[in-house]
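Residue-level structural notes
Next come the chains, spelled out residue by residue.
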Amino acid sequence: MFPTTRPRRLRRTENLRRLVRETRLSAADLIYPLFVMPGSNVRREIPSLPGCFHLSPDQAAAEGRRLADLGLPGVLLFGLPESKDESGSEAWAETGVVPQAIRSLKRAAPDLLVLTDVCLCEYTSHGHCGLLDSRGEVDNDATLPLLARVAVSHAAAGADLVAPSDMMDGRVAALRSALDAAGHAQVGLMSYTAKYASAFYGPFREAADCAPQSGDRRGYQMDPANRREARREAAEDTAEGADILMVKPALAYLDILRDLAETSDLPLAAYNVSGEYAMVKAAAARGWLDERRVVLEILTSLRRAGADIIITYHAPDALGWLAESPPC
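What counts, and at which threshold
- Residues numbered from 1 in each chain as written.
- Predicted model: local features only at pLDDT ≥ 70, side-chain atom pairs only at ≥ 80, totals over all residues.
- Heavy atoms only, no water.
- Helix = DSSP H or I, 4+ residues; strand = E, 2+ residues; numbered from the N terminus.
- Rg over C-alpha atoms; globule rule 2.2 N^0.38 Å.
- Buried < 20%, exposed > 50% of the residue type's maximum accessible area, 1.4 Å probe, protein only.
- Contact = heavy atoms within 4.5 Å.
- Areas by Shrake-Rupley, 256 points an atom, 1.4 Å probe, with all protein chains shown as cover.
- Lys, Arg positive; Asp, Glu negative; His and termini not counted.
- Charge placed at Lys NZ, Arg CZ, Asp CG, Glu CD.
- Core = buried A, V, L, I, M, F, W, Y, C linked by side-chain atoms within 4.5 Å.
- Salt bridge = Lys/Arg side-chain N within 4 Å of Asp/Glu carboxyl O.
- Expected span 1.5 Å × (residues − 1).
- Phe/Tyr/Trp six-rings, centres within 6.5 Å; stacked < 30°, edge-to-face > 60°.
- Lys NZ or Arg CZ within 6 Å of the ring centre and 35° of its normal.

Counting its secondary structure elements, the protein chain contains 11 helices and 10 strands. In terms of overall size, the protein chain behaves like a compact globule, its C-alpha atoms giving a radius of gyration of 20 Å where 328 residues would be expected to give roughly 20 Å. The principal-axis extent of the C-alpha atoms belonging to the protein chain is close to 70 × 45 × 40 Å. In the protein chain, which comprises 328 residues, the proportion classed as buried is 54%. Partitioning the contacts of the protein chain with sequence separation of at least 6, the portion at a separation of at least 24 is 74%. Looking at the protein chain as shown, the accessible area adds up to about 14500 Å², and 50% of this sits on carbon and sulfur atoms. Of the charged side chains in the protein chain, 37 are positive and 44 negative, and the gap between their average positions amounts to 11 Å.

This part covers the nonpolar core. Formed by 104 residues in total, the largest nonpolar core has its most connected members in Leu-30, Phe-35, Leu-76, Leu-77, Met-190 and Tyr-271. Broken down by element, this core gets its largest block of residues, 7 residues, from helix α4 (residues 140-157). Apart from residues no more than four positions distant in its own chain, Met-190 is found in contact with Leu-115, Leu-161, Val-162, Ala-163, Pro-164, Ile-244, Met-246, Ala-269 and Ile-311.

Next up on the list: the pattern of salt bridges. Under the counting rule described, the total for this entry stands at 20 salt bridges. Asp-243 serves as the salt-bridge partner of Arg-176, at 3.7 Å between the closest nitrogen and oxygen. Pair noted here: Arg-176 is in helix α5 (residues 171-181) and Asp-243 is in the loop between α7 (228-240) and β8 (244-248), with a separation of 67 residues, a long-range link. The class for Asp-243 is partly exposed, based on a relative accessible area of 33%. Three or more residues joined by partner-sharing salt bridges are found here, namely Glu-14, Arg-17, Arg-18 and Arg-21.

Right, let's get into the environment of Gln-213. Along the polypeptide, Gln-213 turns up in the loop between α6 (202-208) and α7. Note: C-alpha distance between Gln-213 and Gly-202 (11 residues apart in sequence) is 14 Å. Gln-213 has contacts with Ser-125 and His-126, leaving out every residue within four places of it along the chain.

Now for helix α2 (residues 57-69). The first and last C-alpha atoms of α2 sit 18 Å apart over 13 residues, in line with the 18 Å expected at 1.5 Å per residue. Taken together, the buried positions of α2 are occupied by Pro-57, Gln-59, Ala-60, Ala-61, Glu-63, Gly-64 and Leu-67. Where α2 is buried, its residues touch β1 (30-36), β2 (43-46), β3 (49-55), α3 (97-108) and α11 (315-324). At the C-terminal side of α2, Gly-71 shows a positive phi close to 105 degrees.

Overall, the coordinates contain 8 aromatic pairs when judged by the stated rule. Considering the side-chain rings of Tyr-196 and Tyr-253, the 4.4 Å spacing of their centres and the 25 degrees angle between planes classify their relative orientation as stacked. Taken together, the positions of Tyr-196 in the loop between β7 (188-195) and α6 and Tyr-253 in the loop between β8 and α8 (254-263) put the pair 57 residues apart, joining distant regions of the chain. Each member of the pair, Tyr-196 together with Tyr-253, is buried. Here a set of aromatic residues connected by ring pairs shows up, and it is made of Phe-35, Phe-78, Tyr-192, Phe-204, Tyr-271, Tyr-277 and Tyr-313. Stacked on the ring of Phe-53, the Lys or Arg Arg-43 has its end atom at 4.0 Å from the ring centre. Directly above the ring of Tyr-271 sits Lys-248, whose terminal nitrogen or CZ lies 4.6 Å from the centroid.

Here it is in C-alpha cells:
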C-alpha cells in the first residue's frame, strides 16, 4: 500500500518503461494490403485512402520490394479486374491481375510473404461475394467451388497464404481440400473468421469497386451485436483446416479479438480496416490529433488484445516510426 507501493517508480524514464513493457509492437507484426489493377506503371492514389494506391503488378512489385527492405514481412493482395460478370470468372483466371502481381512480387522480393484475398465481390457485376440464385440471394454451396478455383489459381502463381473473406459456410474445408488435391498442401489458409457486416468498410469498397449493386451483405457477414457466434465460427474454421484466424474490423471488436485469443491456439490476425484508417488520416490532416502517436497506440492496442498479426494500411508509416523509436 502507498507509500510503500509506488507504481510510478517504473514509469520514470523511457528505459524503465521499455524494461517492463508488457506488449511489444514490431515491424514483424504487420501486413500491408495492396490494391492491384491491370496495366503497367500505374500508381494512382485512392481518394478515400490517402497514402494508399491502385498499383499495376510492376508497381506492386516495386512497392513490395521497398517495404520488404524496411522489414515488412508480407502483403495482402486485392484485385481489380479488367471486366466483371455474374460469376466473377476473372477471379480465377491464370492471367488475372492477382496472379500477375504474385509472380511480379516473388521475382522482386522472394522472401516477402504474399497473401491473397479470396472472394468474388470485386469480380462480380452485382458486387456480392458469391453466385446469386433465382431470388437474388447468395447461393452458399454453389459459390464454394468457385472460391476453391480462385484459391488454387493464386497458389499456382506462388501465393504463400490464401485468405477467404466471403463468409460462406464451409469455405475453409472447400479451399483446403482443393489446395491439397492440386498439390498445394504447403499453402497456408488465413480465414476471415469473424468478419462483421460493418459500416467501417466504406473506403475499401470505393478502392476495390465492390459495393453491392442491390441489397447488402448482412445475410452472410456477421451481426455486429453478436459475440458468442464468433467463437462458434472460430471452432468451425479450425476444424475445417484454417491455419490462421482473423477478426475484422479491429477497433470496435477488441472484445472479439480477446475472446478468440483466449479460446484458440491458432495464430490470430486483426484487420485494421479502411474506415479506421481514414478516420485517423482525416483527423490528422486537420491537426486534431498526433498521427504517429495515435497510429502506434492503435496498433499496440491490437497486439495487447491478442493479435499476433495486424493487417493495416498504416504499415508503411508505422515501419518508419518503429525504426525511429519505441511506440510508447
